Amino acid sequence: MKITLVLVSLLIVSAHGAIKRWVGPDNNYDNPLNWAGSSLPCAADNAKFQPTWSPTTVFIQNNIQVNSLIFPVDGTFVLVNALNITLGGTPTPKCPGTDKMFTGQAPGNWDDPTNWEVRDSTTNSIVSTATLSPSDRVPCSTDTVRFPPQSAVTVQVNRPVTVNQFFINNKYLGPASLRQFLASSTGLGQFRLPSSSAISLGPGCVAGALCQCGNTKPDTIRAVCSYANPTCSVASGCVGPVMLDGDCCAVCGAIMNITSTALDMAKLESTLAANIEVVNCPYA
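A brief structural summary. (Residues numbered from 1 in each chain as written. Predicted model: local features only at pLDDT ≥ 70, side-chain atom pairs only at ≥ 80, totals over all residues. Heavy atoms only, no water.)

1. A closer look at the side chain of Arg-159
- Tracing the sequence through the fold places Arg-159 in the loop between β13 (155–156) and β14 (161–163).
- For Arg-159, a relative accessible area of 13% corresponds to the buried category.
- Of note is the side chain of Arg-159, whose polar atom sits 2.7 Å from the side chain of Asp-111. (Helix = DSSP H or I, 4+ residues; strand = E, 2+ residues; numbered from the N terminus. Buried < 20%, exposed > 50% of the residue type's maximum accessible area, 1.4 Å probe, protein only. Polar contact = N/O pair within 3.5 Å; in protein donor to acceptor, adjacent residues only side chain to side chain.)

Structure below.
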């Protein structure tokens, strides 16, 4: 027999922590979205850096050729090794020369689920957002957080957050090095925080244990749901809609409580996959 339930969150992902990778805004020189007019400066242009958000860290990852570079009073520039900057361009019909303004992007909020890609920490495969509630898509205390290498991110954090591991530019930062980085000019230009201790590291999840993500506190749910902005609609004829932990909407479905002293997660996952049909997921 096959039963039909509405499932919007598979707790299996949270059982051993996940990898949450930042896919939100950046302040990279080569990103056209960071320039007025959404186009990069050409060889005869004057590249002016007047970011809307200050201080700002700008990452220059490739060789550039412009007429001049005009830097801001306050800011940090990160260049890759052996990068060439050529100044003094000659105007051409295709590049007559003008002032190109680097304005940067507004910081992406930590609590916005669309700024994160979720990967399984065991297989490193991408987890479909259709199987996750909004709060499960945002990093929590059992997760590993990774920010892309060769990039300068721009992140707004409005509340204290705890994660298991923190990587930036493929480098792991422990508790002391994380605090030092967030207080540095490079860190301040990428992370806008209420304090340098707003992002901290926790113990994570013990191997073999069934751990919860921990993003179910009311203030966290309110923050996440304000960005997720789901369309909450319960199917007609639904009796007793349920609100699952971490969700923004009540759904027509059921909650199963499982009590076990030795829960086999792999067996549970295969059993659920064989006997439960997922329907009407509001986060697909």
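2. Some details on the nonpolar core
- Core analysis: the biggest nonpolar cluster contains 20 residues, and Trp-110, Phe-147, Val-155, Phe-166, Ile-168, Phe-191 and Ile-199 have the highest contact counts within it.
- Contributions of two or more residues to this core are made by β12 (144–147), β14, β15 (165–168) and α2 (175–183).
- Among the elements that make up this core, the one with the highest residue count is α2 (three residues).
- Excluding residues within four positions of it along the chain, Phe-166 makes contact with Val-145, Phe-147, Lys-171, Tyr-172, Leu-173, Leu-178, Phe-191, Ile-199 and Leu-201.
- Trp-35, Ile-64, Val-66 and Leu-83 belong to the second-largest nonpolar core, a separate cluster that totals 11 residues. (Core = buried A, V, L, I, M, F, W, Y, C linked by side-chain atoms within 4.5 Å. Contact = heavy atoms within 4.5 Å.)

3. Here's the deal with the sheet that holds strand β17 (residues 191–192)
- Spatial strand order, β10-β13-β17: three strands in an open sheet with parallel pairing. Taken across any chain shown, the strands that pair with only one partner, and hence form the sheet edges, are β10 (108–109) and β17.
- In this structure, β10 lies alongside β13, joined through two bridges in parallel fashion. Note on β13: the bridge partner recorded for Gly-108 is Val-155. (Pairing = 2+ DSSP bridges.)

4. Re the pairing of β15
- Here β12 pairs with β15 via four bridges, running parallel. Counted as the bridge partner of Arg-146 is Phe-167 from β15.
- Taken together, the two bridges between β15 and strand β16 (residues 171–172) define a ladder with antiparallel strand orientation. If you follow Ile-168 over to β16, its bridge partner there is Lys-171.
- In this structure, the hairpin formed by β15 and β16 is closed by a connection of two residues, where Asn-169 is found at a positive phi of approximately 55°.

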